[in-house]
Amino acid sequence: MSDPDTLPETTVHHDRVPGGRYWSMVIRRGFTLRLVDREGKANVSMLLYSPQNLLERYNMADTLKGQHTSRLTRGNMLYSDMGRVMLSIVEDTAGWHDTIGGTTRDADIVRKYGEHRYQQYRNDFYRSGRELFLIELAKWGLGKRDLVSNLNFFSKVYAGADGVLHFDPENSRPGDHVDLRAEMDTLVVLNTAPHPMDPAPVYDPGPVELSIYHTPPVAADDYCVNFRTENARAFANTVIHHCQG
Amino acid sequence: MTGINLVESPLDPANAVCREVVPAGEPWLKELRKGQTLRILDLEGNQAVDTLFYSLERPTVERYSAIDTLQAQGNVYLTTGTKLMSNEGNVMLTITADTCGRHDTLGGACAAESNQVRYGLEKKSMHSCRDSFLRALSESDYGLGKRDLASNINFFMNVPLTPEGGLTFEDGISDAGKYVEMRVEMDVLVLVSNCPQLNNPCNAYNPTPVEMLIWDPAKG
């Protein structure tokens, strides 16, 4: 795996999103989005849409049941609800990314961390994941109806045999990174609000560093495509999507 | 909440104000009023009943949220006592009786396209829950469409998670005559697809009918 401190030579854009903020951009097919959890305390909540048809979006259930997993890591692909691959996890040093934990709402933030409004705290005010999603989604004409089950990169949620959900605060370490290769043009909407199950008593979500770099065409022996037969079929559907260029 | 919670209902089907059988592969769309009780009865066993709820007052704004439901109870399985939460953080229904013991809300609904991915590219022409959902919504007058198909409930479906992150589709734990019952906490629209899936062992590859029973509050 490449060193997250060394930007790939084909990097076209680099950015840093502080904790508790939002970001969105269309990642074009053939490019990869790298997320780096520099301080080991980031949670990157994410939703995905096709910019050509915003009705096509990341589907938690299809992603999980297609790959028989509730743990997303290298080799897994993030499926749309149209049987295609939006992003592939081509590198991952954290080992587990969540997609069942959801996001925080304003009341959760106030209950857990107290009220920190803009008037008093200026840009150190506390923001919820839902608030940040809705603001950024609105810029693309999207809203509450489009707020579906999201991803939470760098966070680990698992269920015991009795179904009780647990959060692992040690999942991500400083410098961990995950690389997401776009298999079709994908609108990525993300925010860095805390995970709803994060037990930290203070509101201090970590920043995430972003890099977008150009990647070569997917090879026949690609790790993600060959990770499961379902992935190969979803990728085949994605190839049809691109059959006219 | 610690998983399976078997509770029988005192309600008498003879007093139900609505009894409708939904054949396999068909949708069912119904308005439910606050205080009513809805029972879903697995007539022949191991059927999956894909279900969504919308606020009757604001169907395009407030709807069932799987993730809010899991967050609220801290448990991944639905059973007696589970509050079915909306995306606005409100309780839509509460499960008040359950003789099956476990229901899923992570497995989603089958669709022509996801059937291709899961079972084979040639499976696209097979009937699916999403087709039933879209047909019912498109024929209705609520202004709902594909945009409103969020993560659903699969009543009677057994989708265990392991601590290592495994997710499997196990043979059903339901049986003929088992049911799940819920009290309606706000006026809702319920949208059901009685799952037509022929490729999944959850229903022993044999989709079967279910019965929907509704009681008014005073007529228990």
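Every value quoted in this text rests on a predicted model; they were computed, and no experiment measured them.

Some thoughts on the overall build of chain A
Check the secondary structure of chain A and you find five helices and 12 strands. For 245 residues, the compact-globule formula gives about 18 Å, and the C-alpha radius of gyration of chain A, at 17 Å, lands near that figure. Summarising its shape, the C-alpha atoms of chain A cover approximately 55 × 45 × 40 Å along the three principal directions. Taking all 245 residues of chain A together, 51% fall into the buried category. Excluding contacts between residues fewer than 6 apart, the proportion of contacts in chain A whose partners are at least 24 apart in sequence is 78%.

Some thoughts on the overall build of chain B
Across its full length, chain B holds three helices and 10 strands. Counting helices and strands in the order they occur from the N terminus, chain B gives β-β-β-β-α-β-β-α-α-β-β-β-β. Taking 2.2 N^0.38 as the reference for a compact globule, 220 residues should give roughly 17 Å; the C-alpha atoms of chain B span a radius of gyration of 16 Å, in line with that estimate. Over its C-alpha atoms, taken along the principal directions, chain B stretches across nearly 50 × 40 × 35 Å. Scored against the burial criterion, the 220 residues of chain B give a buried share of 52%.

Focus on unusual backbone geometry
With the exception of glycine, the majority of residues adopt a negative phi angle, and the majority of peptide bonds are in the trans configuration. For A:Arg122, which is not glycine, the phi dihedral falls at a positive 50 degrees. Take A:Arg122: there are 9 C-beta atoms within 10 Å of it, and that puts it in the exposed class. We note that B:Ala204 has phi near 55 degrees; this positive angle belongs to a residue other than glycine. By the secondary structure assignment, B:Ala204 is in the loop between β9 (188–194) and β10 (210–215). The partly exposed category is assigned to B:Ala204, around which 14 C-beta atoms lie within 10 Å.

Observations concerning the sheet that holds strand β7 (residues 153–155) of chain B
All names here are of chain B. Ordered by their spatial adjacency, four strands build an open sheet running β2-β9-β4-β7, and the pairing between neighbours is antiparallel. At either margin of the open sheet sits one strand with a lone partner, and together these are β2 (27–32) and β7. Geometrically, the sheet is characterised by an average inter-axis angle of 25 degrees between neighbouring strands, direction not taken into account. As defined by bridge partners, strand β4 (residues 49–55) adjoins β9 across seven bridges and the pair is classed as antiparallel. Considered in β9, the bridge of Ser55 is made with Val188.

Section: the packing of helix α5 (residues 229–241) of chain A against helix α2 (residues 112–119) of chain B
Viewed as axis vectors pointing N to C, α5(A) and α2(B) meet at an angle of 135 degrees, and their least axial separation amounts to 7 Å. Here α5(A) lies oblique to α2(B), going by the angle between them. When α5(A) is examined against α2(B), the residues A:Glu230, A:Arg233, A:Ala234 and A:Asn237 are found in contact with a partner set consisting of B:Gln116, B:Val117 and B:Arg118. Taken together, the residues of the contact of α5(A) with α2(B) break down into two nonpolar, two polar and three charged.

With respect to the nonpolar core
Ranked by internal contacts, the top residues of the largest apolar core, which has 114 residues, are A:Met46, A:Leu48, B:Ile40 and B:Phe53. Setting aside its immediate chain neighbours within four residues, A:Met46 contacts A:Asn150, A:Leu151, A:Phe153, A:Val188, A:Val189 and A:Leu190.

A word on the pairing of strand β6 (residues 91–98) of chain B
Residue and element names in this part refer to chain B. Of the pairings in the sheet, the one linking strand β5 (residues 83–85) to β6 comprises three bridges and is antiparallel in character. Across the sheet, the residue bridging to Leu84 is Leu93, located in β6. Hairpin connection from β5 to β6: five residues lie between these consecutive antiparallel strands, with Gly89 at a positive phi of about 80 degrees.

Looking at the interface of chain A and chain B
In this complex, chain A contributes 40 residues to the contact, which on the side of chain B involves 36 residues. Listing elements by their share of the side of chain A that touches chain B, those giving two or more residues are α1 (60–67), β8 (157–159) and α5 of chain A. Looking at which element gives the most residues to the side of chain A that touches chain B, the answer is α1(A), with six residues. Looking at the side of chain A that touches chain B residue by residue, the classes come out as 18 nonpolar, 11 polar and 11 charged.

Digging into the environment of B:Pro217
All names here are of chain B. Note on placement: Pro217 falls in the segment after β10. The exposure class of Pro217 is exposed, given the 12 C-beta atoms found within 10 Å. Taking the C-alpha atoms as reference points, Pro217 and Asp98, separated by 119 residues in sequence, lie 19 Å from one another. The contacts of Pro217, once residues within four sequence positions are left out, are Gly35 and Gln36.

Considering the packing of α1(A) against α2(B)
When two helices pack together, their arrangement is given by the angle between the helix axes and by the axis-to-axis distance. With their axes 9 Å apart at the nearest point, α1(A) and α2(B) run at an angle of 20 degrees to one another. What the angle tells us is that α1(A) and α2(B) run roughly parallel. For the pair α1(A) and α2(B), the sense of crossing is right-handed. When α1(A) is examined against α2(B), the residues A:Asp62, A:Lys65 and A:Gly66 are found in contact with a partner set consisting of B:Ser114, B:Val117 and B:Arg118. Partitioned by chemical class, the residues of the contact of α1(A) with α2(B) number one nonpolar, two polar and three charged.

A few points about helix α4 (residues 129–138) of chain A
Those residues of α4(A) not exposed but buried are A:Gly129, A:Arg130, A:Leu132, A:Phe133 and A:Leu137. Along α4(A), the residues classed as buried sweep out an arc of 165 degrees about the axis, all on the same side.

Here's the deal with the environment of A:Gln52
On the secondary structure map, A:Gln52 appears in the loop between β4 (44–49) and α1. When the C-alpha positions of A:Gln52 and A:Thr63 are compared, they lie 21 Å apart, and in sequence the two are 11 residues distant.

A short note on the confidence of the model for chain B
Here chain B averages 95 in pLDDT, while 98% of its residues score no lower than 70. Our summary of model confidence lists the complex with pTM equal to 0.96 and ipTM equal to 0.95.

A closer look at the sheet that holds strand β1 (residues 18–22) of chain B
Hydrogen bonding along the main chain pairs the strands of a sheet, whether they run parallel or antiparallel. Residues and elements named next belong to chain B. Pairing is antiparallel in the open sheet, where six strands are placed in the order β1-β10-β3-β8-β6-β5. The two strands at the open ends of the sheet, each matched to only one other strand, are β1 and β5. Adjacent strand axes in the sheet meet at a mean angle of 25 degrees, parallel and antiparallel pairs treated alike. As defined by bridge partners, β6 adjoins strand β8 (residues 178–184) across five bridges and the pair is classed as antiparallel. Each residue of the ladder has a partner; that of Ala97, found in β8, is Glu181.

Definitions and cut-offs
- Residues numbered from 1 in each chain as written.
- Chains lettered and ligands numbered in written order.
- Predicted model: local features only at pLDDT ≥ 70, side-chain atom pairs only at ≥ 80, totals over all residues.
- Helix = DSSP H or I, 4+ residues; strand = E, 2+ residues; numbered from the N terminus.
- Rg over C-alpha atoms; globule rule 2.2 N^0.38 Å.
- Buried ≥ 20, exposed ≤ 12 C-beta atoms within 10 Å, placed from the backbone.
- Contact = placed C-beta atoms within 7 Å.
- Pairing = 2+ DSSP bridges.
- Axes fitted to C-alpha atoms, helices over the stretch in contact; angles between N-to-C directions.
- Parallel < 35°, antiparallel > 145°, perpendicular 65-115°, else oblique.
- Nonpolar A, V, L, I, M, F, W, Y, C, P; charged D, E, K, R; others polar.
- Core = buried A, V, L, I, M, F, W, Y, C linked by C-beta atoms within 7 Å.
- Left-handed = near helix turned anticlockwise from the far one by under 90°.
- Arc of directions from axis to C-beta.
- pLDDT = per-residue confidence, 0-100.

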